[in-house]
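Examining the three-dimensional arrangement
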Amino acid sequence: MSESKTDVLVVGGGAAGMMAAGTAAALGARVALLERGPRLGRKLRITGKGRCNVTNDCPPEEVLRNIPRNGRFLYSALEAFPPDAVQSFFTELGCPVKTERGGRVFPCSDRAASVVEALEAWLAANDVRIATGVRVRRLLTAGGRVSGVAADGGAWAAPRVILATGGCSYPQTGSTGDGYRLAESVGHTIVEPRGSLVPLESPDGDCREMAGLSLRNVAVRLRSARGKVVYEDFGELLFTHFGLSGPTILSASAHMDRRERYTVDIDLKPALDEKQLDDRLLRDFDKYRNRDFANALGDLLPRTMIPVAVRRSGIPPETKVHSVTREQRRALVRLLKDFSVAVSGPRPVEEAIVTAGGVPVSQVDPRTMASKKLPGLYLAGELLDLDAYTGGFNLQIAWSTGYAAGMAAGEDWRNEENV
């Protein structure tokens, strides 16, 4: 079996891994980056619907507010490499960025591939050795610290190893959960991985009937079986053959306790209170007063939603609009302000945008991402028990933790060289 030697070895060629590898190499260390798949940045290439929401244009404190669990762990890493530094970093690499609604930052090219290409050029400029199609089987240790990895095709010797293998969502992009097994083998415990930012399943057949319908500018409330509102949002929602998806639903999923049942309440007309909506209905009903009720809602609702709304309203579809009673109209107003969909649970973790769970942050140094279980080992990115809402915050976690791990490993090499 052949063996390669390097100063810093990075396992995982996603956002955190590429950031860690380039950062350590920029300090002068010899760095090798091992990726299980055929190329780097496969998940990056599909994020943000292929546009890549690089970060969010906000201060570190706002990032922390968008991380529902363990956010304070990131305080040092975010201070060292905050969102404005990420924007400057990509701009200087020849990948200028722009800010859109909600502070979401995208490459000006609107191509996620531009982000990956900029990172690959940066790695090449810093002489990072890249090996794709390499699966790491186990971590090697010697003298009480990490000494490299055993991989398909040979061993790689390195006194510093950075694990940035991702979680277990989107396994087709290489996130297969290998990092959990590697971390656990050297003493780390693993918080059970689960999907975060994941679509929701519903037993309600109305979702299937409206599959493909995208609603914009709606208000969404996630309500527990006990009636407690656990999350509220405003924005886009998508009906699917299995239930609900879209940005508001993905963020809502991060607040769910898998042991509970929930209902999603949708305000279809959040800009109008009940009286204003009733006035709007009166105007529409006057305009279409001689039509059947089922044919009088085209100005108010999307076409594919009308049959569902008519059925839920309890108003017979053939009722002439001028015959709709005040009580029936008010019931319709309540329906439009509170269109409820029962939720049976999240989709499988493989369909999640990110994975919650992983290596507990209590087992990692927050300044350096160094393992507290094995000297010389660092952990970064989605492998850690960190996840955030939509809006570029999850990639910011990857950049900041990757940068922290790369800096720490590179500086450790420098200190060793200067001894």
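So, here's what we can say about the structure. Given the structure is predicted, the values throughout are model-derived calculations rather than measurements.

Let's talk about the overall build of the chain
In terms of helices and strands, the chain carries 13 helices and 21 strands. Its C-alpha atoms give the chain principal-axis dimensions of about 90 × 40 × 35 Å. Residue burial in the chain is summarised as follows: out of 419 residues, 56% are buried. Once local pairs closer than 6 in sequence are excluded, the contacts in the chain between residues at least 24 apart make up 72%. Carbon and sulfur atoms provide 48% of the accessible area of the chain, an area that totals close to 17700 Å².

Overview of unusual backbone geometry
The phi torsion at cysteine 52 lies on the positive side, around 70°, for a residue other than glycine. Along the polypeptide, cysteine 52 turns up in the loop between α2 (47-50) and β4 (55-56). What makes cysteine 52 buried here is its relative accessible area of 0%. Look at aspartate 127: it is not a glycine, yet its phi comes out positive at around 60°. Looking at the secondary structure, you find aspartate 127 in the loop between α6 (112-125) and β7 (129-132).

Some words on the nonpolar core
Nonpolar side chains in soluble globular proteins tend to end up buried together. Core analysis: the largest hydrophobic core is formed by 85 residues, its most contacted members being Phe90 and Trp399. Take this core: its biggest share by element is 10 residues, from helix α13 (residues 393-417). Among residues more than four places away in sequence, those in contact with phenylalanine 90 are Val54, Cys95, Pro96, Val97, Val115, Leu119 and Trp399. Formed by 43 residues, the second largest nonpolar core is a distinct cluster that contains Leu215, Leu222, Val321 and Val324.

Structural notes on the pattern of salt bridges
When the charged atoms of two side chains lie near each other, side chains of opposite charge can form a pair. Taken as a whole, this structure holds 34 salt bridges when the rule is applied. Across the pair arginine 69 and aspartate 387 runs a salt bridge whose closest N-O atoms are separated by 2.8 Å. Pair noted here: arginine 69 is in the loop between α3 (60-65) and α4 (75-80) and aspartate 387 is in the loop between β21 (377-379) and α13, with a separation of 318 residues, a long-range link. Using a relative accessible area of 25% as the deciding quantity, one classes arginine 69 as partly exposed. On the basis of relative accessibility, which here comes to 0%, the residue aspartate 387 falls in the buried class.

Some thoughts on the side chain of asparagine 53
Tracing the chain through its elements places asparagine 53 in the loop between α2 and β4. A polar atom in the side chain of asparagine 53 sits 3.0 Å from the backbone oxygen of threonine 55. Ignoring sequence-local partners within four residues, the contact set of asparagine 53 consists of Thr47, Gly48, Arg104, Val105, Phe106, Gly391, Gly392 and Leu395.

Calculation criteria
Residues numbered from 1 in each chain as written. Predicted model: local features only at pLDDT ≥ 70, side-chain atom pairs only at ≥ 80, totals over all residues. Heavy atoms only, no water. Helix = DSSP H or I, 4+ residues; strand = E, 2+ residues; numbered from the N terminus. Buried < 20%, exposed > 50% of the residue type's maximum accessible area, 1.4 Å probe, protein only. Contact = heavy atoms within 4.5 Å. Areas by Shrake-Rupley, 256 points an atom, 1.4 Å probe, with all protein chains shown as cover. Core = buried A, V, L, I, M, F, W, Y, C linked by side-chain atoms within 4.5 Å. Salt bridge = Lys/Arg side-chain N within 4 Å of Asp/Glu carboxyl O. Polar contact = N/O pair within 3.5 Å; in protein donor to acceptor, adjacent residues only side chain to side chain.

Read these as layout, nothing more, since geometry by itself doesn't imply function.
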